[in-house]
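# A look at the structure
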Amino acid sequence: MKHFVLFVSLYFSVSFLIIAQTPDNIPQLQTFYVAETGQDAGHTGTYSDPFATINYALSQVDYHYSGLVIKVIKGANGYNQYVNINKSGNANFPIIIQAENSNNNPVFYGRSSAFSGKNAVFEWSTGINYVTIDGINVFGATANSGQGENGLYGIWIRGDYNTIRNCNLDTIGRSGIEIQGSNNLI
């Protein structure tokens, strides 16, 4: 009988601990959508009214207090835009840039005059931390006006605690991923 009571007590203790960890205790991150057909100024960044650029989505939230998820919708042509990661998240409220559909990665190219004088398709400003890129492909970051003979980096991280996962990088002029910092996960 003592064993039975001990088992029941242990069962209720574990159940209580599990109940205490409900989704209400997990920080909710603000979510914006980006699409090739989107518009920046005057739009809401919802799935039905997406922004056009990741840069604009990054500028629209006080990320330190709410975190941020930017879901990138794959389009027919791909994105030919420079992405400047110029804001940090933190351990509790990260910035996450991810494919809207994990089975359909959007493609970013680095081939236009928009990259003149730039170093990468996705470029962190110095000291940017706690940013994740998930399910984004970078193709064709080759030499063109402003990059010299080596072309662009696909992704250039200059900070700590950043994560790159489920990304494909191909036909990159320099290296696919350049990392300066520590505790970054690839």
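Residues numbered from 1 in each chain as written. Predicted model: local features only at pLDDT ≥ 70, side-chain atom pairs only at ≥ 80, totals over all residues. Heavy atoms only, no water.

### Thoughts on the overall build of the protein chain
The number of helices and strands found in the protein chain is 3 helices and 12 strands. Burial status across the protein chain gives 39% buried among its 186 residues. The contacts in the protein chain between residues at least 6 apart in sequence include a share of 69% that link residues at least 24 apart. Just so you have it, the protein chain exposes about 10,000 Å², and 52% of that area is on carbon and sulfur atoms. (Helix = DSSP H or I, 4+ residues; strand = E, 2+ residues; numbered from the N terminus. Buried < 20%, exposed > 50% of the residue type's maximum accessible area, 1.4 Å probe, protein only. Contact = heavy atoms within 4.5 Å. Areas by Shrake-Rupley, 256 points an atom, 1.4 Å probe, with all protein chains shown as cover.)

### What about the nonpolar core?
Nonpolar side chains in soluble globular proteins tend to end up buried together. Core analysis: the largest hydrophobic core is formed by 36 residues, its most contacted members being Ile54, Ile70, Phe108, Phe122 and Trp124. Discounting residues that sit within four places of it in the chain, Phe122 has contacts with Ile54, Val83, Phe108, Ile133, Ile136, Val138, Gly154, Ile155 and Trp156. (Core = buried A, V, L, I, M, F, W, Y, C linked by side-chain atoms within 4.5 Å.)

### A few points about the sheet that holds strand β3 (residues 83-85)
The pairing of strands in a sheet happens through backbone hydrogen bonds and is either parallel or antiparallel. Taken in spatial order, the 4 strands of this open sheet run β3-β6-β9-β12, and their pairing is parallel. Because the sheet does not close on itself, it has two edges, and the strands there are β3 and β12 (177-180). Sheet twist, expressed as the mean angle between neighbouring strand axes with direction ignored, is 10°. When strand β6 (residues 120-124) meets strand β9 (residues 153-158), the two strands line up parallel, connected through 3 bridges. For Glu123, the partnering residue across the bridge sits in β9 and is Trp156. (Pairing = 2+ DSSP bridges. Axes fitted to C-alpha atoms, helices over the stretch in contact; angles between N-to-C directions.)

### A word on the environment of Trp124
Within the fold, Trp124 resides in strand β6. Residues contacting Trp124, with those up to four places away along its chain left out, are Ile85, Val131, Ile133, Ile155, Trp156, Ile157, Arg158, Asn162 and Ile164.

### Describing the environment of Asn55
Here Asn55 is to be found in helix α2 (residues 54-58). On a C-alpha basis, the gap between Asn55 and Asn84 in space is 6.4 Å, while along the polypeptide they are 29 residues apart.

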